[in-house]
Amino acid sequence: MDQAKASGGWKLWAVLALPPLFWAGNFIVARYSRGEWPPVSLAYGRWVIALIALLPFAWPHMKRDWPLYKRYFWRIIGIAVPGVVAFNTLIYWGLQTTPATNGMLLNSSIPLLILVIGALFWGQRLGLWQVLGLIVSTLGVAVVILQGSLDRALALDFARGDLIIFSAMIAWAFYTMGLKLFPPEVNRIGLLAVQIIVALPILAPFLALEMWLGHYPIFTPASLASLAYIGIVPSVLAYLFYTRAVTLAGPARAGQFIHLIPVYGAILSASFLGEQLHLYHAAGFGLILAGIVLAGRRGRA
């Protein structure tokens, strides 16, 4: 019995800890292959592979939920655009010019952005602790974008790639809130596959524009391996593991493990990309994390 419990415990820790590792790998591989994969080509190829890999899991749910897809068609469009079309495309665009470490640190701002989007567009009320948390986390984001430089702040000299990636995080916050528009009986794996099917035609004109501007992918064994990783591991395996983690441990505990992304990312960036960690990275992450902790407090001050 004890051995079985231990085995179950290890399996739980695995499904909790692996998704953020897979998602951190998305940043690392995209940054590594930026010379071979233009951003839209990488995003489009990713979703084609992800759809092929996901269909065996999603097809039974898609057949069952087809009447619901027709009922919520415009809602599906509404979440597919920020969640599938925009999010990773903007990340890959930003990673052309900014380090992967910065991208993963900015990723940590998503929980606070969800609070802001919920307050502005869904009418959710923010308490005092949440407002304080937003202020502190915003300072953390500013530290990362401005690279800890007061001179850059005074000159409004923002890192373009960081701003692009931060806009991706805003898109993901809209996507997350948009998921609440779907009732629980709509299976999330089938819904993801349908979003990809809807998103690919929307993304196609941007792919054509990118190629018309002369930006073509370079096909090598390394670039194809990068695409395969991005299309399968963070797109499908991480999603399936994360869904399982939410089932076993609940959404709150599973969500906390997302904060491992910058931890994994710092190690992977230094190991595989040779990126250096600076004091402003630690300061920015510390402020973002402190803001999240403050926003999670209950009660009144």
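Small disclaimer: the values here were computed from a predicted structure and weren't measured.

Novice: Honestly, the pattern of salt bridges in this entry has me stumped. Any pointers?
Specialist: In the structure shown here, the tally under the stated rule is one salt bridge. Of the charged contacts in the structure, one is a salt bridge between Asp65 and Arg64, with a shortest N-O distance of 2.9 Å. On the accessibility criterion, Asp65 (2% relative accessible area) is buried.

Novice: What is the right way to look at helix α10 (residues 221–249) in this model?
Specialist: Within an α-helix, residues lying three or four positions from one another point in the same direction, as the helix has 3.6 residues per turn. Taking 1.5 Å of rise per residue, the 29 residues of α10 would be expected to cover 42 Å, and the 39 Å separating its terminal C-alpha atoms lies within 8% of that figure. The largest bend along α10 reaches roughly 30 degrees and is located at Ala238.

Novice: Just to check I follow, could you spell out the confidence of the model for the chain for this structure?
Specialist: Parts of the model with low pLDDT should not have their predicted coordinates read in detail. Summing up the model confidence of the chain, the mean pLDDT is 83 and the portion of residues at 70 or higher is 88%. Counting interchain partners and residues more than four positions distant, the pLDDT-below-50 stretch residues 1–7 has zero contacts.

Novice: Teacher, can you tell me more about a nonpolar patch on the surface here?
Specialist: The grouping of Leu126, Leu128, Val131, Leu132, Ile135 and Leu139 at the surface amounts to a nonpolar patch, some 480 Å² of accessible area in total. The topology assignment puts Leu128 in helix α6 (residues 128–145). Given the relative accessible area of 48%, Leu128 is considered partly exposed.

Novice: I would appreciate a short explanation of the environment of Ile292 in the present structure.
Specialist: Its location among the elements puts Ile292 in helix α13 (residues 279–295). Separated by 158 residues in the primary sequence, Ile292 and Leu134 place their C-alpha atoms 7.7 Å from one another. Those residues in contact with Ile292 that lie beyond four places of it in its chain are Ser108, Pro111, Leu112, Ser137 and His259.

Novice: How should helix α9 (residues 188–212) be read in this particular structure?
Specialist: Counted at 1.5 Å a residue, the expected span for α9 with its 25 residues is 36 Å, and the 36 Å between its end C-alpha atoms agrees. Its axis deflected by about 35 degrees at Leu203, α9 carries its strongest bend there, up to four residues before the proline Pro205. By the N-cap criterion, in which a side-chain oxygen at the helix start approaches the backbone nitrogen of a residue two or three places on, α9 is capped by Asn187, the distance to Ile189 being 2.9 Å. Backbone geometry just after α9 places Gly214 at a positive phi near 95 degrees.

Cut-off values and rules
- Residues numbered from 1 in each chain as written.
- Predicted model: local features only at pLDDT ≥ 70, side-chain atom pairs only at ≥ 80, totals over all residues.
- Heavy atoms only, no water.
- Salt bridge = Lys/Arg side-chain N within 4 Å of Asp/Glu carboxyl O.
- Buried < 20%, exposed > 50% of the residue type's maximum accessible area, 1.4 Å probe, protein only.
- Helix = DSSP H or I, 4+ residues; strand = E, 2+ residues; numbered from the N terminus.
- Expected span 1.5 Å × (residues − 1).
- Bend = angle between axes of the 7 residues up to and from the residue.
- pLDDT = per-residue confidence, 0-100.
- Contact = heavy atoms within 4.5 Å.
- Patch = residues over 30% accessible without salt bridge, like charges linked within 9 Å, V, L, I, M, F, W, Y side chains within 5 Å.
- Areas by Shrake-Rupley, 256 points an atom, 1.4 Å probe, with all protein chains shown as cover.
- Polar contact = N/O pair within 3.5 Å; in protein donor to acceptor, adjacent residues only side chain to side chain.

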